[in-house]
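Reading the structure
So you can see what is in the structure, the chains are spelled out below.
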Amino acid sequence: MKALAKKIVSILLVMVLAVNMAACSGTKENRYEASFLELFDTVTKVVGYAKSEEEFTECTQLIYDELKSYHELYDIYNNYDGINNVKTINDNAGIEPVKVDQKIIDMLKIAIQAEKDTNGKKNIALGAVLSIWHDYRDRGLADPDNAKLPPMELLQEKAQHVNIDDVIIDEEASTVYLQDPEMSLDVGSIAKGYATEQVSQYIKEKGYEHLMISVGGNIKAIGTKLGDDGKEEPWSVGIQNPDMESENTNLYILNLEDYALVTSGVYQRYYVVDGQQYHHIIDPSTLMPADYFEAVSIVCEDSGMGDMLSTAIFNMPYEDGAKYIESLDGVEALWVFKDGSMKYSSGFEQFIKQ
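Just so it is clear, the model here is predicted, and its values are computed rather than measured.

**Some remarks on the packing of helix 8 (residues 191–205) against helix 9 (residues 303–314)**
Viewed as axis vectors pointing N to C, helix 8 and helix 9 meet at an angle of 165°, and their least axial separation amounts to 6 Å. Viewed along their axes, helix 8 and helix 9 adopt a mutual orientation that is roughly antiparallel. Where helix 8 crosses over helix 9, the two elements pack in a sense that is right-handed. In this structure, helix 8 uses Ala191, Lys192, Gly193, Tyr194, Thr196 and Glu197 to contact helix 9, whose residues at the interface are Ser303, Gly304 and Asp307. In the contact of helix 8 with helix 9, the residues fall into two nonpolar, four polar and three charged.

**What to know about the packing of aromatic side chains**
A full pass over the atoms with the stated rule returns 15 aromatic pairs. Here Phe293 and Phe314 contribute two aromatic rings whose centre-to-centre distance is 6.2 Å and whose plane-to-plane angle is 70°, an arrangement assigned as edge-to-face. Remark: Phe314 occurs in helix 9 and Phe293 occurs in strand 16 (residues 293–300); sequence separation between them is 21 residues. No difference in accessibility class separates Phe293 from Phe314, as the two residues are buried. Each member of the aromatic cluster is reached from another via a ring pair, and the members are Tyr292, Phe293, Phe314, Tyr318, Trp335 and Phe337.

**Some details on unusual backbone geometry**
For Ser174, which is not glycine, the phi dihedral falls at a positive 60°. When you line up the elements, Ser174 lands in the loop between strand 5 (167–170) and strand 6 (175–178).

**Description of the layout of surface pockets**
One water molecule sets the probe size; rolling that probe over the atoms shows where empty space is left. Roughly 350 Å³ of internal volume is contained in the second largest pocket. Lining the second largest pocket are 16 residues; nearest its centre among them are Val266, Gln277, His279, Glu294 and Lys338. Take the lining of the second largest pocket: its biggest share by element is four residues, from strand 15 (residues 276–279).

**Describing the pairing of strand 3 (residues 44–50)**
Taking burial as the measure, the seven residues of strand 3 include six buried ones, the bulk of the element. The pairing of strand 2 (residues 30–36) with strand 3 spans seven bridges and is antiparallel. Looking at strand 3, one finds that Asn30 is bridged to Ala50. Taken together, the five bridges between strand 3 and strand 7 (residues 210–215) define a ladder with antiparallel strand orientation.

**A short note on the side chain of Glu332**
Among the structural elements, Glu332 can be located in strand 17 (residues 332–337). Among the polar contacts made by the side chain of Glu332, one reaches the main-chain amide nitrogen of Phe348 at a distance of 3.4 Å. Excluding residues that lie within four positions of it along the chain, Glu332 makes contacts with Ser297, Ile298, Val299, Ile325, Ser345, Ser346, Gly347, Phe348, Gln350 and Phe351.

**Let's talk about the sheet that holds strand 5**
One open sheet accounts for three strands, arranged 4-6-5; its pairing is antiparallel. The open sheet terminates on both sides in strands that have one partner only, identified here as strand 4 (98–99) and strand 5. Relative to strand 6, strand 4 is paired through two bridges, and the arrangement is antiparallel. Within strand 6, the residue paired with Val98 across the bridge is Val176. Each of strand 5 and strand 6 is contacted by helix 5 (residues 102–117), which is oriented at about 135° to strand 5, the strand it contacts most.

**Notes on the environment of Asp166**
Structurally, Asp166 can be placed in the loop between helix 7 (152–158) and strand 5. A residue is classified by how much of its surface remains accessible, and Asp166, at 16% relative accessible area, is buried. Each C-alpha atom, one on Asp166 and one on Gly94, is 9.9 Å from the other, the two residues being 72 residues apart in sequence. Those residues within four positions of Asp166 in sequence are excluded, and the remaining contacts are Tyr177, Leu178, Gln179, Asp180 and Met183. At a separation of 2.9 Å, a polar atom in the side chain of Asp166 contacts the side chain of Gln179.

**A closer look at helix 6 (residues 127–142)**
Across its 16 residues, helix 6 extends 22 Å between first and last C-alpha, which sits within 8% of the 22 Å expected from 1.5 Å per residue. Residues Gly127, Ala128, Val129, Leu130, Ile132, Trp133, Tyr136, Arg137 and Gly140 constitute the buried set of helix 6. In this structure, the buried residues of helix 6 make contact with helix 7, strand 14 (270–273) and strand 15.

**Remarks on the confidence of the model for the protein**
Looking at the protein as a whole, the pLDDT averages 91, with 92% of positions reaching at least 70. Counting contacts from residues 1–11, a segment whose pLDDT is below 50, to residues more than four positions away or on other chains yields 12 contacts.

**Topic: the pattern of salt bridges**
For side chains of opposite charge, pairing can occur when their charged atoms come near one another. Scanning the entire structure with this criterion turns up 11 salt bridges. A salt bridge links Lys116 to Asp165, with the nearest nitrogen and oxygen atoms 3.1 Å apart. Taken as a pair, Lys116 in helix 5 and Asp165 in the loop between helix 7 and strand 5 lie far apart in primary sequence, 49 residues in all. Asp258 is paired through a salt bridge with Lys204; the nearest N and O atoms lie 3.1 Å apart. With Asp258 in the loop between strand 12 (250–256) and strand 13 (260–265) and Lys204 in helix 8, this residue pair connects regions lying 54 residues apart in the sequence. A residue is classified by how much of its surface remains accessible, and Asp258, at 27% relative accessible area, is partly exposed. With a relative accessible area of 37%, Lys204 lands in the partly exposed category. Look at the salt bridges and you will find they share partners, linking Asp291, Glu294 and Lys338 into a network.

How each quantity is defined
Residues numbered from 1 in each chain as written. Predicted model: local features only at pLDDT ≥ 70, side-chain atom pairs only at ≥ 80, totals over all residues. Heavy atoms only, no water. Axes fitted to C-alpha atoms, helices over the stretch in contact; angles between N-to-C directions. Helix = DSSP H or I, 4+ residues; strand = E, 2+ residues; numbered from the N terminus. Parallel < 35°, antiparallel > 145°, perpendicular 65-115°, else oblique. Left-handed = near helix turned anticlockwise from the far one by under 90°. Contact = heavy atoms within 4.5 Å. Nonpolar A, V, L, I, M, F, W, Y, C, P; charged D, E, K, R; others polar. Phe/Tyr/Trp six-rings, centres within 6.5 Å; stacked < 30°, edge-to-face > 60°. Buried < 20%, exposed > 50% of the residue type's maximum accessible area, 1.4 Å probe, protein only. 1 Å grid on protein atoms, 1.4 Å probe; cavity = no way out; pocket = protein on both sides within 12 Å on 5 of 7 lines; lining within 4 Å. Points joined across faces, edges and corners; volume = space filled by probe spheres on them. Pairing = 2+ DSSP bridges. Polar contact = N/O pair within 3.5 Å; in protein donor to acceptor, adjacent residues only side chain to side chain. Expected span 1.5 Å × (residues − 1). pLDDT = per-residue confidence, 0-100. Salt bridge = Lys/Arg side-chain N within 4 Å of Asp/Glu carboxyl O.

In structure tokens form, the structure reads like this:
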């Protein structure tokens, strides 16, 4: 499997774009770009600077291999030979504890704490409810004329099996056990961001200092980019406009250095029932798609925290979310309301590119 992975990445890296900065500016590193498609069911993009294509290829291979490990461990849909993943935990709910990799335990501990910190607005134990929405959305997309909403009675029944306290972690034994047999975990609101952060820290420890990684829009800037004159500059990262018909593609361009940007929005994953769109971000308190905003963006150092917070804040009224964000050090947010208006937290403006 690893040999196959290396082959896949090497094929994708044939498409690497190198912008030779050295010839015009005297810098010793060139800018390269690469992407791969299959991990976390999304597009991963890597932009960075290296002295040669070989060096950048080696860097991207490390990123791919490490990200692939997290993808397989956090998968809730597929089995992998020799790997106990989140699907394995779900499959053994009410049956027995599952011995898992520490990467799963570390992620789950953070997610469990987030559930308590946000009063349940971010709950990875909501899988039983989310799976119903997932099934109805898939059917609606396959057959739009007969698209339906899940019956509230069914959602309420499944909501009896979302108690985060039923997730039992035994760190000494390295096991996870769901003591409610009807419970299932859905880590979609943390997995990509957490994996992006861990891979970013890993690649930084390997000595790579000028990179930007985007895993399905979970963006982490590692160090700085290099300007045309070879000087270090913050990475320029756009916040996508949720109004897909607008001429303005981005709401803001941000300057980021060792910071992450994560956005939750309604404009990509949804289906239509009786002319109304229903997106994929489900409010645990109503069991329905949250109806406060078009998008919420989080800027903070940790991409995993950004992923969790973007979902939790999306599920909160603005006043509650703003109060919570202002209570956190080093965390800023942008809210895009349904009428297109925007508000941002007190420290957000410092990141806006002038």
